Amino acid sequence: MFGIGELTILLLVIVAVLAVKRLPDLVRSAGKAARILKSEKQALKEESGGPSQPWPPRLRGGRTQRVAYKQIPDPQNR
């Protein structure tokens, strides 16, 4: 009869047809939420006195150093 692929496509078409009326409202509310989030983030930065560190410092070899996602080996610690 129908395979999973055909049923999935049929379901997506039905959802798209029924959601056309609500799609502009969803996009509008998502834009509002993004603007609110951006303004709150900016307010927190101003309140804390500047940008925060993107990662916490770590102690290594008796001294602190920032460790990013991709850690570069220290040539003095070989």
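Above: the structure in question.
Values in this document were obtained by computation on a predicted structure and should not be read as measured data. (Residues numbered from 1 in each chain as written. Predicted model: local features only at pLDDT ≥ 70, side-chain atom pairs only at ≥ 80, totals over all residues. Heavy atoms only, no water.)

A closer look at the overall build of the chain
Piece 1. When you go through the chain residue by residue, the secondary structure sums to 2 helices and 2 strands.
Piece 2. Put simply, the chain runs from its N terminus to its C terminus through helices and strands in the order α-α-β-β.
Piece 3. Across the 78 residues in the chain, those meeting the buried criterion constitute 3%.
Piece 4. Total accessible area on the chain stands at roughly 7,800 Å², and carbon and sulfur atoms take up 64% of it. (Helix = DSSP H or I, 4+ residues; strand = E, 2+ residues; numbered from the N terminus. Buried < 20%, exposed > 50% of the residue type's maximum accessible area, 1.4 Å probe, protein only. Areas by Shrake-Rupley, 256 points an atom, 1.4 Å probe, with all protein chains shown as cover.)

Side note on the pattern of salt bridges
When the charged atoms of two side chains lie near each other, side chains of opposite charge can form a pair.
Piece 1. Counting across every chain of the model gives 1 salt bridge.
Piece 2. Across the pair Asp25 and Arg28 runs a salt bridge whose closest N-O atoms are separated by 2.8 Å. Of this pair, Asp25 and Arg28 are both found in helix H2 (residues 23-48), 3 residues apart, which corresponds to roughly one turn of the helix. (Salt bridge = Lys/Arg side-chain N within 4 Å of Asp/Glu carboxyl O.)

Section: H2
Piece 1. Between its first and last C-alpha, H2 extends 38 Å over 26 residues, near the 38 Å set by a 1.5 Å rise per residue.
Piece 2. Sparse coverage of H2 is indicated by the burial of 0 of its 26 residues. (Expected span 1.5 Å × (residues − 1).)

Keep in mind these values describe shape, not function.
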